Amino acid sequence: MATTQVSKKRKFVADGVFYSELNELLTRMLAEDGYSGVEVRVTPIRTEIIIRATRTREVLGEKGRRIRELTSMVQKRFQFAENSVELFAERVENRALCAMAQAESLRYKLLGGLQVRRACYGVLRFVMENGAKGCEVVVSGKLRAQRAKAMKFVDGYMVSTGHPATLYINEASRNVKMKQGILGVKVKIMLPCDPEGKLGPKMPIPDKIEVPDPKPEPKVVGELPPSPAVPHIDPQHPPFGTVMAGGGGGGGHDMGAGMGAQ
Amino acid sequence: MADSSDVKAAAAAAAGGGKGKIYAVEHLEEGVPRWCALEYGHMCEVVKDERLAFTKWPNEDRSFACVDSRFAPRVYTESIADLQKDFPRERTVLMDMDASEPLTPADAALFDTVLFGGILGNVPSDDRTQELRKVGFPHRRNLGSVQMTTDTAMLVCKIVLEDGVALEKIPYVDHPDIRTGAHDSTNMPFRYVALSHRSKKAADANTPILPRGMVELLRESADDDLMDELLQEPSHPLLTQSMPADGV
């Protein structure tokens, strides 16, 4: 990476471009190993690149060979200094909730000759069985002497708009090259709410309201405590400002008469 | 064998009252796949046999019975470009998405034959119609900006030219979702005529007019696999060759 002074705008743009290219490179190279994302951490000493994947053993390779090759490739391509970039592989907690991993898995099933319905229902079932709130799989394109169409397989609940959509929806798409053109495979997963933050966002969905069950009232056994002393009021000569009980029915008339009679 | 006197009679009828147009379809696919057969069958239901003609037909004995035995439209093995006597170009209008003018009821007085091409296109269109455009049909009209299936295009042309309804007055359903199972549906990225045009019921405004048997075909096509259609995947030296284990 260049060590010359760059403006903030250029720096942020360059960081974005670096992330995009790195992500695309790793997507293509680690497609078969369940690649599901990358995180770049810049420290003063080195740049750390954390690769999230479902099969970390394949990413590391035999005795770390493959990850060393990837490190060397990244270092040479982006002109990092020697030993200033390091790659780590992190295992994905739950691959059923990772849309990238599922899209890749579906792509390989279709490439392997599985029927579209069977492959999609397989993914749908796996995702829902592992705790997702909802899942949508779309396969679109032109198949065997037919018109172009999009086949959609849906289960559960999916939110589309607002801030919850950015937090809860995990989406990925992949392509399958065919003689007639390209078939698109899209997987969309709605994550569950997880207070620990491992399986899904901590923030609960704003329109989900939990009504707790009413608490049972404690039973009282024995005598009631004596009620506090009530001062005696002479109904013929009440103190100024006293509201007398029983005057409510007559309303203002009685009240006015009572007050006026004082 | 089509008789040119049939064509002249139809032309005379057409010139008379705006009725009785001839609808010609240039077949551009290899063979007649099931989808094609269903759309052609629907066309035969929309337009009577003697007014429907298929050109460049693949079957050597020119029989429509192998596609749909209920109907017997005119069938030619030659391309429409070679059938100028039966379909004079000056009185033929080519339906083309790239044409600058839309079809209007007034076109009924100008044309006797309506020509369609580009069956089984991709979305966005592969522009198969250019094969007919190259032949040099001087008169072209479009049916709007959203691609239609060929049977829908024929139905729309019939409504505009024979019933005198303007293109924009016809109720359409764009990109309908057709339910094919408990958890699955198929979205068709085309424009269809709404069933409310026939039934006059507002409840049918979102139901597309589809060929008979199309919903079953959509349901069954989800059980297709891609084996015959895949391109070879390019290999990369750093990619592992083994397929991932099926843990799903």
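Remember, it's a predicted structure, so these values are computed and weren't measured experimentally.

Conventions used here
- Residues numbered from 1 in each chain as written.
- Chains lettered and ligands numbered in written order.
- Predicted model: local features only at pLDDT ≥ 70, side-chain atom pairs only at ≥ 80, totals over all residues.
- Heavy atoms only, no water.
- Helix = DSSP H or I, 4+ residues; strand = E, 2+ residues; numbered from the N terminus.
- Rg over C-alpha atoms; globule rule 2.2 N^0.38 Å.
- Contact = heavy atoms within 4.5 Å.
- Areas by Shrake-Rupley, 256 points an atom, 1.4 Å probe, with all protein chains shown as cover.
- Lys, Arg positive; Asp, Glu negative; His and termini not counted.
- Charge placed at Lys NZ, Arg CZ, Asp CG, Glu CD.
- 1 Å grid on protein atoms, 1.4 Å probe; cavity = no way out; pocket = protein on both sides within 12 Å on 5 of 7 lines; lining within 4 Å.
- Points joined across faces, edges and corners; volume = space filled by probe spheres on them.
- Nonpolar A, V, L, I, M, F, W, Y, C, P; charged D, E, K, R; others polar.
- Phe/Tyr/Trp six-rings, centres within 6.5 Å; stacked < 30°, edge-to-face > 60°.
- Lys NZ or Arg CZ within 6 Å of the ring centre and 35° of its normal.
- Pairing = 2+ DSSP bridges.
- Axes fitted to C-alpha atoms, helices over the stretch in contact; angles between N-to-C directions.
- Parallel < 35°, antiparallel > 145°, perpendicular 65-115°, else oblique.
- Left-handed = near helix turned anticlockwise from the far one by under 90°.
- Domains from an automatic or database assignment.
- Buried area = accessible area lost by both parts, 1.4 Å probe.
- Polar contact = N/O pair within 3.5 Å; in protein donor to acceptor, adjacent residues only side chain to side chain.
- UniProt positions renumbered as here; feature names shortened; annotations may be inferred.
- Salt bridge = Lys/Arg side-chain N within 4 Å of Asp/Glu carboxyl O.
- Buried < 20%, exposed > 50% of the residue type's maximum accessible area, 1.4 Å probe, protein only.

1. A closer look at the overall build of chain A
- Looking only at helices and strands, chain A features 7 helices and 7 strands.
- Secondary structure elements of chain A occur, N-terminal to C-terminal, as α-β-β-α-α-β-α-α-β-β-α-β-β-α.
- In terms of overall dimensions, chain A is more spread out than a globule: its C-alpha atoms have a radius of gyration of 34 Å, far above the 18 Å expected for 262 residues.
- At a minimum sequence separation of 6, the contacts of chain A that also span at least 24 residues come to 53%.
- Total accessible area on chain A is roughly 16700 Å²; 55% of this is exposed by carbon and sulfur atoms.
- For chain A, the separation between the mean place of its 39 positive charges and that of its 28 negative charges on side chains is 14 Å.

2. Focus on empty space enclosed by the protein
- Enumeration according to the criterion identifies 1 cavity of 30 Å³ or more in this entry.
- Estimates place the volume of the largest cavity at around 30 Å³.
- Together, R117, M151, K152 and F153 of chain A together with T180, D184, S185, T186, L218 and A222 of chain B line the largest cavity.
- The set of elements that each furnish at least two residues to the lining of the largest cavity consists of strand 5 (149-156) of chain A together with strand 9 (184-187) of chain B.
- Residues belonging to the lining of the largest cavity are distributed by class as follows: 4 nonpolar, 3 polar and 3 charged.

3. As for the packing of aromatic side chains
- What the rule picks out here adds up to 7 aromatic pairs over all chains.
- Aromatic ring contacts, followed pair by pair, group F18, F78 and F80 of chain A into a single cluster.
- Here the guanidinium or amino end of R107 of chain A rests over the ring plane of Y108 of chain A, the centre of that ring lying 5.5 Å away.
- Stacked on the ring of F190 of chain B, the Lys or Arg R147 of chain A has its end atom at 5.2 Å from the ring centre.

4. Notes on the sheet that holds strand 4 (residues 134-141) of chain A
- Taken in spatial order, the 6 strands line up as 6(A)-7(A)-4(A)-5(A)-9(B)-8(B) in an open sheet, and their pairing is antiparallel. Two strands lie at the open edges of the sheet, namely strand 6 (169-178) of chain A together with strand 8 (177-179) of chain B, each paired on one side alone. Strand-to-strand, the axes of this sheet are offset by a mean angle of 20°, without reference to chain direction.
- The pairing of strand 8 of chain B with strand 9 of chain B spans 3 bridges and is antiparallel.

5. Observations concerning the packing of helix 4 (residues 99-111) of chain A against helix 5 (residues 116-129) of chain A
All names here are of chain A.
- The contact between helix 4 and helix 5 brings their axes to 10 Å, and the two run at 155°. If you check the angle between helix 4 and helix 5, you find them roughly antiparallel. Classified by chirality, the crossing of helix 5 by helix 4 is right-handed. Side by side, helix 4 and helix 5 meet where Q102, L106, K109 and L110 of the first sit next to V116, A119, C120, G122, V123, F126 and V127 of the second.
- Among the residues forming the contact of helix 4 with helix 5, the class breakdown is 8 nonpolar, 2 polar and 1 charged.

6. So, the domain arrangement of chain A
All names here are of chain A.
- Domain boundaries in chain A define domain 1 (8-92) and domain 2 (96-190).
- Taken over C-alpha atoms, the centre of domain 1 sits 26 Å from the centre of domain 2.
- Approximately 550 Å² of surface area, both sides summed, lies buried where domain 1 meets domain 2, with 70% of it carried by carbon and sulfur atoms.
- The tally of links from domain 1 across to domain 2 stands at 1 residue pair in polar contact (both at pLDDT 80 or more).
- Elements that contribute at least two residues to the side of domain 1 that touches domain 2 include exactly helix 1 (8-29) and strand 1 (35-42).
- Looking at the side of domain 1 that touches domain 2, the element that brings in the most residues is strand 1, giving 3 residues.
- When its residues are assigned to classes, the side of domain 1 that touches domain 2 shows 3 nonpolar, 6 polar and 1 charged.

7. Here's the deal with the sheet that holds strand 1 of chain A
Residue and element names in this part refer to chain A.
- Judged by pairing direction, the sheet is mixed, and its 3 strands sit side by side in the order 1-2-3 without closing on themselves. Edge positions in the sheet fall to strand 1 and strand 3 (85-91), since each has one partner strand and no second. Each neighbouring strand pair of the sheet contributes to a mean axis angle of 20°, computed without reference to strand direction.
- By the bridge criterion, 7 bridges tie strand 1 to strand 2 (residues 47-53) in an arrangement that is antiparallel. Counted as the bridge partner of R41 is E48 from strand 2.
- Against the sheet, helix 3 (residues 65-77) engages strand 2 and strand 3, with an angle of about 135° to strand 3.

8. Overview of the packing of helix 1 of chain A against helix 3 of chain A
Residue and element names in this part refer to chain A.
- Two elements in contact, helix 1 and helix 3, have axes separated by 12 Å at closest approach and are oriented at 145°. Helix 1 and helix 3 meet at a crossing whose hand is right-handed. From helix 1, E21, L22, L25, L26 and M29 reach across to helix 3, where they touch R66, L70, M73, V74 and R77.
- Class assignment for the residues of the contact of helix 1 with helix 3 results in 7 nonpolar, no polar and 3 charged.

9. Quick word on the UniProt feature "domain: KH type-2" (unreviewed entry) in chain A
- Under the UniProt annotation, the feature "domain: KH type-2" (unreviewed entry) is placed at residues 22-93 of chain A.
- Structurally, residues 22-93 of chain A comprises 36% helix and 31% strand, and the distance from its first C-alpha atom to its last is 22 Å.

10. Looking at the pattern of salt bridges
- Summed over all chains, the structure comprises 21 salt bridges over all chains.
- Across the pair E104 of chain A and R107 of chain A runs a salt bridge whose closest N-O atoms are separated by 3.4 Å. Here E104 of chain A pairs with R107 of chain A, and both are found in helix 4, just 3 residues apart, close to one helical turn. A single burial state applies to E104 of chain A and to R107 of chain A, both of which are buried.
- Ionic pairing is found between R212 of chain B and E45 of chain B, a salt bridge with its closest N-O pair at 3.1 Å. Pair noted here: R212 of chain B is in the loop between helix 5 (196-199) and helix 6 (214-221) and E45 of chain B is in helix 2 (residues 34-46), with a separation of 167 residues, a long-range link.
- Three or more residues are tied together by salt bridges with common partners; here these are E104, R107 and R174 of chain A.

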